[in-house]
Amino acid sequence: MLNLSQIRNDFPILHQQIQGKPLIYFDNAATSQKPQAVIDVLNNYYQKINSNVHRGVHTLAERSTTAFEATREAVRKFVNAKTIEEIIYTKGTTEGINLVASSYGKKFLTKGDEIIISTMEHHSNIVPWQMLCEEKDLVLKVIPINDDGDLIWEEFEKLLSPKTKIVAVTHVSNALGTINPVKKITELAHQVGAVVLLDGAQASPHFEIDVQDLDCDFYVFSGHKIYAPTGIGILYGKKAILEQMPPYLGGGEMIKEVTFEKTTYNDLPFKFEAGTPNIADVVALKTAIDYIHSVGKTNIAQHEHNLLTFATDSLKTIKGLKIIGQAKNKASVISFIVDGAHHMDIGMMLDANGIAVRTGNHCTMPLMKRFGITGTARASFAMYNSIEEVEFFVKKLDEIVQQIR
Ligand code: 7TS
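As the structure is a computational prediction, the values presented were derived from the model and not from experiment. The residue numbering used here restarts from 1 in each chain and proceeds along that chain's sequence as written. A pLDDT threshold of at least 70 governs which residues receive local features in this predicted model, and a stricter bar of 80 or more applies before side-chain atom pairs are shown or counted, although totals over entire chains, interfaces and linings include all residues. Note that water and hydrogens are dropped before the side-chain values are worked out from all heavy atoms of the structure.

(A) View of the packing of aromatic side chains. Any Phe, Tyr or Trp ring, taking Trp's six-membered ring, that has another such ring centre within 6.5 Å forms a pair; planes under 30 degrees apart are called stacked, those over 60 apart edge-to-face, and the others tilted. Tallying each qualifying case throughout the model produces 14 aromatic pairs. Ring geometry for Tyr45 against Tyr46: centres 5.2 Å apart, planes inclined by 80°, an arrangement best described as edge-to-face. Pairing Phe78 with Phe221 gives two aromatic rings, centres 5.9 Å apart and planes at 45°, and the pair type is tilted. Of this pair, Phe78 sits in helix α3 (residues 59-79) while Phe221 sits in strand β9 (residues 218-222); the two residues are 143 residues apart in sequence, bridging distant segments of the chain. With relative accessibility at 2%, the residue Phe78 sits in the buried group. Only Lys NZ and Arg CZ are tested; either one counts as a charge over a ring when it is within 6 Å of the ring centre and within 35 degrees of the ring normal. Against the face of Trp153 rests Lys184, its NZ or CZ located 4.4 Å from the ring centre. Geometry around Phe371 places Arg370 over its ring, the cationic atom sitting 5.2 Å from the centre. To qualify as a helix, a DSSP run of H or I must reach at least 4 residues; to qualify as a strand, a run of E must reach at least 2; elements of each kind are numbered from the N terminus. The buried label goes to any residue with under 20% of its type's maximum accessible area, the exposed label to any with over 50%, and the partly exposed label to all in between, with areas taken from a 1.4 Å probe on protein chains only.

Printed below as a string of structure tokens:
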């Protein structure tokens, strides 16, 4: 069990009024709020430590480098990677996927090769692959889903062939909440010799990630969804594969030696970290991870599951409301539509009650098309949300729906 009132006290942003009502923040799938410890560490970094990393012998340079590298070890443990060389700092999930598509794609894929993604991917796990397909004349294949929002397994099996070179799927859908069977997907993809990239943007805040157990080749996620600042993300890659991949960006830090005739590249992970990195936010990522550990991932998962179950059962009692995404295995994300009302109007009416939900297509336009809709309203829960908040949300939503009908 987690100590909810203590956790809520740790998040200063929650304690304010929006439109004259106490804020209820249910837009956690877009970005999570930050605990005071994370905010403090950013302040402290700029007040006392700020210095560039890996390039100075003075005391501050050593301190910033130590803090910067301490995060790498914390992330390694967070995803259970074998070595810190497998942990690459990026701007976020989007950059991680682009890095793999660009670097791995350029080196290893040739005309006619196939890439498999799924219908429920975020645009950031669609567009980089499409760009690669255009450039190299590859074929993009898409795993269909059923009405509940689950992947159709037989169709996935049919798509796999020796031509499949990459399978890139999301661990958890940001729009439906579906938790995909990514270990099984990886196993099957490996049988045809494909590499697997898992988009962990929505899984990393909610439950334990073990890349060795999953056996995926790449795992990407964003710091800002796990209570860390924006602008920092992680690409995990198997060392043997990363070693064979060419650099993504060229510049300082990623080189060993530069001459005008020939440049040699740095070792992992620095080969993929050109230029001055986002040091302060990297440092704060460790604080966010420490915070998650202090609450306990199992406690977080249990609490969020209770919120999800309670919210789902309650929303089902509202006439005219339909939940989009009813997979058996779901993370704490609920998308819904209301008969006769635009999702944006629902979002605005909830906002007038202090309740923040996301509305729109959630950067999943092909998925919306699959359901024959243009968008949904989406409530997504984090560790600091309470059953009371869900109760208030359902009550207000019920009033709004009845008013519209
Ligand atoms: N993949 C998934 C599954 C996501 O949910 C998101 C962001 C991304 C990739 C991209 O992450 P970024 O940090 O690089 O932007 N999802 C959302 C969302 O659902 N609402 O706002 C952003």
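(B) Structural context of the domain arrangement of the protein chain. Where each domain starts and ends comes from a domain assignment, either automatic or drawn from a database. In terms of domains, the protein chain is made up of domain 1 (4-30 + 296-404) and domain 2 (40-293). Relative placement of domain 1 and domain 2: their C-alpha centres are 28 Å apart. Counting from both sides, the interface comprises 36 residues of domain 1 and, opposite them, 33 residues of domain 2. We define buried area as the total accessible area lost by two parts upon association, computed with a 1.4 Å probe and summed across both. Summed over both sides, the interface between domain 1 and domain 2 buries roughly 2800 Å², with carbon and sulfur atoms accounting for 55% of that surface. Contact with domain 2 buries surface across domain 1, with Lys297, Leu367 and Arg370 losing the most and accounting together for 24% of the total. Between Lys or Arg on one side and Asp or Glu on the other, a salt bridge is scored when a side-chain nitrogen of the former is within 4 Å of a carboxyl oxygen of the latter. Put simply, domain 1 and domain 2 have 1 salt bridge between them. Asp147 serves as the salt-bridge partner of Arg370, at 2.8 Å between the closest nitrogen and oxygen. Polar contact is the term for a pair of N or O atoms within 3.5 Å; when the atoms are in protein, one must be able to donate a hydrogen and the other to accept it, and sequence-neighboring residues count only if both atoms are side-chain atoms. Remark: the boundary between domain 1 and domain 2 carries 24 residue pairs in polar contact (both at pLDDT 80 or more). For this analysis, residues touch if any pair of their heavy atoms sits within 4.5 Å.

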